[in-house]
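Tertiary structure, described
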Amino acid sequence: MDSFLTFINQQAWELNQKRSLLTVSGGVDSIVLAHLFYLQGFRAGIAHCNFKLRGDESDADEQFVREIAALYGFEFFVTEFDTKRLAGEKGISTQMIARELRYKWFEEVRNDNQYDWIATAHHANDSLETTLLNLARGTGLPGLKGIAPHVNAIIRPLLQTTKEEILTYARENSLPWREDRSNSSLDYKRNRIRHEIIPVLQKLNSSIETTFINTSERLQAAENLLEELLETWKRSAVYQENGLIYIDKGKLLTSTEPAFRLWSVLQEYKFSYAQVKPILTALNGTVGKTFSSASYELLLDRNHLILRRRTPQVSGDEITVWGPGSAISIGNSILFFEGIAQVRINELGKDKSLAFIDLEKVQWPLTIRKWKTGDTFFPFGMEGMRKKLSDLFSDLKMDRFQKGEIQVLVNGNGEIIWVIGIRSDERYKVSNATSKVLKVALINKLSAL
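- In the nomenclature of an unreviewed UniProt entry, the chain is known as tRNA(Ile)-lysidine synthase of Dyadobacter linearis.
- As recorded by UniProt, the Sequence similarities (unreviewed entry) comment attached to the chain reads in full: "Belongs to the tRNA(Ile)-lysidine synthase family."
- Its UniProt record gives the chain the following Subcellular location (unreviewed entry) comment, quoted word for word: "Cytoplasm".

Right, here's the structure in full:
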């Protein structure tokens, strides 16, 4: 089959050197695939799934494929699934569960038996059907390309071969195959496209499958070029820092097609395309508005859009510290409390992860809690000057995400001793007259390992 040989020679699959696990159902497509591998002398094995959906027919399919493997001298692997029961337990369709089960098993067989590839018999008509399904559901450029010829260890050597070419080849070579009656049922969306929609398209263009192959190639090329453009833009407009993703608002709004550029970033974080336009509209509104996906939260800040992973809501419970020697876990960090004899005065305030407190002024127990609106303290180095924490955060140009993570260390008398990781209180500073010092260290958990 010329289309088969031409296509595989364009790929870097090295089928004459590497081992391929052929997924063979017994239908004409997979039987032709197995025959072509046999004739070319490619190193291969056959894997067959018995989904137990058609009673004796399913068992007959298994026996038929077993005999084909023996005829060609291919190693044979088979498994059975109670598909209907598993579909019911998961609450999904039999088609969906069958796909999930077979690809998981194929990968297990490949790994356990040192095969390089998993080869499926998908062809040009399958790819066209996939594109039409995606178009009906709503899709972007990737969904219009149809089925990919190569994804991870999965290869599709017949992808540029039409169904008619496969049938012609099977008949010319007197190949037997099994028919699955479910392929003619209109209960499945793919079958309705295959039997009702594609025949109409074939009346408009008798070579619709070949035309689609060429169109798919051009769409793939266009996507590759678009990816290059977007990656160049992302390098200048998107960056990560301290676990957050920042998108430069100015570079987004002054670019061509800002909605598509934003979508190219946000889709990785499970935002829908329908959310993109409301986000762009809100960019000229009030700072602080947020949007959420299933796993991420997007904040519209002054100069950036900021993404962070959504975390479970932390309860408002306070943590009590009973004395020196305590180690308290807060988020991704640990607070260590240690009583020490002295500290060099000129080192105070230089490391924001350390607080040195006059131990004689401490009233146990201390409390660690989230900061609250209205909280005030006397910033270290600003003697006699009371300041709201909210004003401090504004001075530091902290965004809403950063503010939401701030916790404070509170003395037993209710006064804030330390805005943890930011600034300690002047009233509790260590002086030359201090005889006992409480050292509090904020250490990242990974650094502590």
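Structure's up, so let's keep going.
1. With respect to the sheet that holds strand β14 (residues 333-340)
- Taken in spatial order, the 4 strands line up as β13-β14-β22-β15 in an open sheet, and their pairing is antiparallel. Pairing within the sheet leaves two strands with one partner each, and these edge strands are β13 (327-330) and β15 (354-358). The average undirected angle you get between the axes of adjacent strands in this sheet is 20 degrees.

2. Examining the sheet that holds strand β5 (residues 150-151)
- Here we have 6 strands laid out as an open sheet, ordered β3-β2-β1-β4-β6-β5, and mixed in their pairing. Each having just a single partner strand, β3 (75-80) and β5 make up the two edges of the open sheet.
- The sheet contact formed by strand β1 (residues 20-23) and strand β2 (residues 44-50) spans 4 bridges and is parallel. Note on β2: the bridge partner recorded for L21 is G45.
- Its contacts with the sheet place helix α3 (residues 56-72) against β2 and β3, and it is angled at close to 175 degrees to β2.

3. Considerations on the packing of helix α6 (residues 124-137) against helix α9 (residues 189-204)
- Remark: α6 packs on α9, axes separated minimally by 10 Å, with the N-to-C direction vectors making an angle of 100 degrees. Considered as vectors, α6 and α9 are oriented roughly perpendicular to each other. Residues D126, L128, E129, T130, L132 and L133 of α6 form the contact with α9, whose own contacting residues are K189, R190, I193, R194, I197, I198 and L201.
- Broken down by class, the residue content of the contact of α6 with α9 amounts to 7 nonpolar, 1 polar and 5 charged.

4. Observations concerning the pattern of salt bridges
- Applying the stated criterion across every chain yields a total of 27 salt bridges.
- Of the charged contacts in the structure, one is a salt bridge between R66 and E62, with a shortest N-O distance of 3.1 Å. Here the residue R66 and the residue E62 both occupy positions in helix α3, the gap between them amounting to 4 residues, near one helical turn.
- Take R66: its relative accessible area is 33%, and that puts it in the partly exposed class.
- Note on E62: relative accessible area 12%, which makes it buried.
- Salt bridges here are not isolated pairs; linked through shared partners, they connect R54, E57, D61, R178 and D180.

5. With respect to the UniProt feature "domain: Lysidine-tRNA(Ile) synthetase C-terminal" (unreviewed entry) in the chain
- As recorded in UniProt, the sites labelled "domain: Lysidine-tRNA(Ile) synthetase C-terminal" (unreviewed entry) are residues 366-440.
- In this annotation, residues 366-440 is assigned 16% helix and 31% strand; the end-to-end C-alpha distance for the span is 12 Å.

6. Considerations on the environment of I147
- Following the sequence through the fold, I147 ends up in the loop between α7 (141-144) and β5.
- The buried category is assigned to I147, whose relative accessible area is 14%.
- Here the alpha-carbon distance between I147 and V265, two residues 118 residues apart in the chain, equals 23 Å.
- Other than its neighbours up to four places away in sequence, I147 contacts H122, D126, S127, T130, R156 and L159.

7. Concerning the nonpolar core
- F4, L15, L22, V32, F37, I46 and F74 are the most contacted members of the largest nonpolar core, which totals 37 residues.
- Elements with a contribution of two residues or more to this core: α1 (2-10), α2 (28-40), β2, α3, β4 (117-119) and α8 (163-172).
- With 7 residues, α2 is the single largest residue contributor to this core.
- Contact partners of L15, with chain neighbours within four places excluded, come to I8, S20, F37, F42, R43, W117 and I155.
- Counting residues in each nonpolar core, the second largest holds 24 residues, with V238, I245, L262 and Y296 among its members.

8. Description of unusual backbone geometry
- Looking along the chain, the bond that leaves W364 and enters P365 is cis, with omega of -5 degrees.
- Tracing the backbone through its elements, the reader meets P365 in the loop between β15 and β16 (366-370).
- Its identity as a non-glycine residue notwithstanding, E14 has a phi of 50 degrees, on the positive side.
- For S174, which is not glycine, the phi torsion reads 55 degrees and is therefore positive.
- Examined against the element boundaries, S174 turns out to sit in the loop between α8 and α9.

9. Quick word on the packing of aromatic side chains
- This structure, assessed with the given rule, holds 13 aromatic pairs.
- What links up through ring pairs into an aromatic cluster is the set F4, F37 and F42.
- When the ring centre of Y115 is taken as reference, the NZ or CZ atom of R19 above it lies at 4.0 Å.

Calculation criteria
Residues numbered from 1 in each chain as written. Predicted model: local features only at pLDDT ≥ 70, side-chain atom pairs only at ≥ 80, totals over all residues. Heavy atoms only, no water. UniProt positions renumbered as here; feature names shortened; annotations may be inferred. Pairing = 2+ DSSP bridges. Helix = DSSP H or I, 4+ residues; strand = E, 2+ residues; numbered from the N terminus. Axes fitted to C-alpha atoms, helices over the stretch in contact; angles between N-to-C directions. Contact = heavy atoms within 4.5 Å. Parallel < 35°, antiparallel > 145°, perpendicular 65-115°, else oblique. Nonpolar A, V, L, I, M, F, W, Y, C, P; charged D, E, K, R; others polar. Salt bridge = Lys/Arg side-chain N within 4 Å of Asp/Glu carboxyl O. Buried < 20%, exposed > 50% of the residue type's maximum accessible area, 1.4 Å probe, protein only. Core = buried A, V, L, I, M, F, W, Y, C linked by side-chain atoms within 4.5 Å. Phe/Tyr/Trp six-rings, centres within 6.5 Å; stacked < 30°, edge-to-face > 60°. Lys NZ or Arg CZ within 6 Å of the ring centre and 35° of its normal.

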